[in-house]
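Read off the chains here:
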Amino acid sequence: MTPLGAVFRPQLAPERLRAVCDVAEGAGLEELWLWEDCFREGGISTAAAALAWTERVRVGVGLLPVPLRNVAITAMEAASLHRMFPGRAILGVGHGVQDWMGQVGARVESPLTLLREHLLALRALLGGERVTVDGRYVKLDDVALDWPPDGPQSGVLAGATGPRSLRLSGEAADGTLLTAATDAEGVRRARQLVEEGRAAAGREAGPHPLVVYLLTATGPDAAARLRAELVDEGLASVPDLGVAGDAKAVADAVARLVEAGADSVVLQPTADEPDPEGFVRFTAEEVRPLVP
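Just so it is clear, the model here is predicted, and its values are computed rather than measured.

**Side note on the overall build of the chain**
Scanning the chain from N- to C-terminus turns up ten helices and eleven strands. Taken over the C-alpha trace, the chain has a radius of gyration of 18 Å; the compact-globule value for 292 residues is 19 Å, and the two agree within 12%. With respect to the three principal axes, the spread of C-alpha positions in the chain is 55 × 40 × 40 Å. When burial is assessed residue by residue, the chain has 52% of its 292 residues classed as buried. In the chain, once contacts between residues fewer than 6 apart in sequence are set aside, the share between residues at least 24 apart is 74%. About 12,700 Å² of surface is accessible on the chain, with carbon and sulfur atoms providing 52% of the total. When the 28 positive and 41 negative side-chain charges of the chain are each reduced to one mean point, those points stand 3 Å apart.

**With respect to the packing of aromatic side chains**
Counted by the stated rule, this structure contains three aromatic pairs. With a centroid separation of 6.5 Å and an interplanar angle of 45 degrees, the aromatic rings of Phe279 and Phe282 are classed as tilted. With a gap of three residues between them, Phe279 and Phe282 both fall in helix H10 (residues 276-287), about one helical turn apart. For the pair Phe279 and Phe282, one class covers both residues: buried.

**Focus: the pairing of strand S4 (residues 89-94)**
Buried residues dominate S4, accounting for six of its six residues. Side chains of S4 alternate between two faces, with Ala89, Leu91 and Val93 and Ile90, Gly92 and Gly94 buried alike. Here five bridges tie strand S3 (residues 58-65) to S4, and the two strands are oriented parallel to one another. Residue pairing for S4: Leu64 is matched across the bridge by Val93. Taken together, S3, helix H3 (residues 71-84) and S4 constitute a β-α-β crossover, and its handedness is right-handed. Two elements, S4 and strand S7 (residues 156-159), share three bridges in a ladder whose sense is parallel. Bridge pairing links Val93 to Ala158 in S7.

**Quick notes on the layout of surface pockets**
Approximately 1,000 Å³ is the volume attributed to the largest pocket. Elements represented by at least two residues in the lining of the largest pocket include exactly S3, strand S8 (175-178), strand S9 (210-217) and helix H8 (222-232). Here the lining of the largest pocket takes five residues from H8, the largest share from any one element. Per-class residue counts for the lining of the largest pocket are 17 nonpolar, eleven polar and nine charged. One number sums up the size of the second largest pocket: a volume of about 180 Å³. As for the second largest pocket, its lining consists of Thr182, Asp183, Ala184, Glu185, Leu214, Pro239, Asp240, Leu241, Gly242, Ala253, Arg256 and Leu257. Of all elements in the fold, only helix H7 (184-200) and helix H9 (247-260) reach the threshold of two or more residues within the lining of the second largest pocket. The element best represented in the lining of the second largest pocket is H9, accounting for three residues. Classifying every residue of the lining of the second largest pocket gives six nonpolar, two polar and four charged.

**What to know about a nonpolar patch on the surface**
There is a patch of nonpolar side chains on the surface, built from Phe39, Leu68 and Val104 and spanning about 270 Å² of accessible area. Looking at the element boundaries, Val104 is found in the loop between helix H4 (98-103) and helix H5 (111-126). Accessibility expressed as a relative area gives 40% for Val104, which makes it partly exposed.

**Quick word on empty space enclosed by the protein**
Using the criterion set out here, one finds one cavity of 30 Å³ or more in the structure. Lining the largest cavity are Thr74, Ala78, Leu91, Val93, Leu122, Leu126 and Val156.

**Re the nonpolar core**
Looking at soluble globular proteins, one finds that nonpolar side chains tend to be buried together. By size, the foremost hydrophobic cluster in this structure holds 77 residues, and its most contacted members are Leu267 and Val287. When residues of this core are assigned to their parent elements, the largest contribution, nine residues, is made by H5. In this view, Val287 contacts Leu4, Ala247, Val250, Ala251, Leu267 and Phe282; residues no more than four positions away in its chain are not counted. Listed in part, the 16 residues of the second largest apolar core include Trp35, Leu157, Leu177 and Tyr213.

**Comments concerning H7**
When the terminal C-alpha atoms of H7 are compared, their 25 Å separation across 17 residues agrees well with the 24 Å that a helix rising 1.5 Å per residue should span. Taken together, the buried positions of H7 are occupied by Val187, Ala190, Arg191, Leu193, Val194, Gly197 and Arg198. The inward-facing, buried residues of H7 abut helix H6 (163-172), S8, S9 and H9. A positive backbone phi angle near 70 degrees is found at Gly202, which sits one or two residues after H7.

**Here we look at H6**
Among the residues of H6, those classed as buried are Ser165, Leu166, Leu168, Ser169, Gly170 and Ala172. Structurally, H6 contributes buried residues whose contacts are with H5, S7, S8 and H7.

Thresholds, definitions, all that
- Residues numbered from 1 in each chain as written.
- Predicted model: local features only at pLDDT ≥ 70, side-chain atom pairs only at ≥ 80, totals over all residues.
- Heavy atoms only, no water.
- Helix = DSSP H or I, 4+ residues; strand = E, 2+ residues; numbered from the N terminus.
- Rg over C-alpha atoms; globule rule 2.2 N^0.38 Å.
- Buried < 20%, exposed > 50% of the residue type's maximum accessible area, 1.4 Å probe, protein only.
- Contact = heavy atoms within 4.5 Å.
- Areas by Shrake-Rupley, 256 points an atom, 1.4 Å probe, with all protein chains shown as cover.
- Lys, Arg positive; Asp, Glu negative; His and termini not counted.
- Charge placed at Lys NZ, Arg CZ, Asp CG, Glu CD.
- Phe/Tyr/Trp six-rings, centres within 6.5 Å; stacked < 30°, edge-to-face > 60°.
- Pairing = 2+ DSSP bridges.
- Right-handed = clockwise from strand over helix to strand, strands pointing away.
- 1 Å grid on protein atoms, 1.4 Å probe; cavity = no way out; pocket = protein on both sides within 12 Å on 5 of 7 lines; lining within 4 Å.
- Points joined across faces, edges and corners; volume = space filled by probe spheres on them.
- Nonpolar A, V, L, I, M, F, W, Y, C, P; charged D, E, K, R; others polar.
- Patch = residues over 30% accessible without salt bridge, like charges linked within 9 Å, V, L, I, M, F, W, Y side chains within 5 Å.
- Salt bridge = Lys/Arg side-chain N within 4 Å of Asp/Glu carboxyl O.
- Core = buried A, V, L, I, M, F, W, Y, C linked by side-chain atoms within 4.5 Å.
- Expected span 1.5 Å × (residues − 1).

What follows is the structure, given as structure tokens:
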């Protein structure tokens, strides 16, 4: 069965999260995804709250911008979530929006180098290794976690869009997170590039989940809201991007992404979604039964 999730977008005030979590738990939503968007909400703080307010829902953070974070801090926070909520936290890291990174003085000359160094060190630390590395950006001197994860974890996902980042994700991450700007053909291409990276690193064995956001609108004004968001994001000219309609239309769009190579799909409401709780309920109770 294809995992199906929904996004709590950080355009909503943080205090709205608990009500959405309550609906997610009650409706049987599989995954609730959160964003660490500048300058709205922190990913780890909201994930910890969402995990504490639920008992069954898996909570993803897609993604944590690595320029903002020392890798040791990322590892400590990730390990704490994995130990307190075994098997329920999903963490992704990535470049972050470069303009935002520049605003806070964290923009680096080579985002790809930073992401590679961060991924390799983070996965080693979460694996219980003692790490010494003197990289261009990541520098650790005999560092090991006192409390590494001792139960199930999803591994570290990397957010990626361009060819080099996608190959890097295959090389150095445990899974890949694709934005809602990815259509079915983009998923196919991403899968190919990820597999190229895995092969180059000798990591072909084992799964490498591909998680894809799907911009979704439902209700009487769904088509207009979807169109407005695509225009705002400069994506209006991309055919077959996003979906507007009822549960059957959404499930069909999910199926197209899965056929193209997605392992799980996360429904992303528009920024002006009028009923976030209703969107979560729609995902869990109406779309989920139609997705095999």
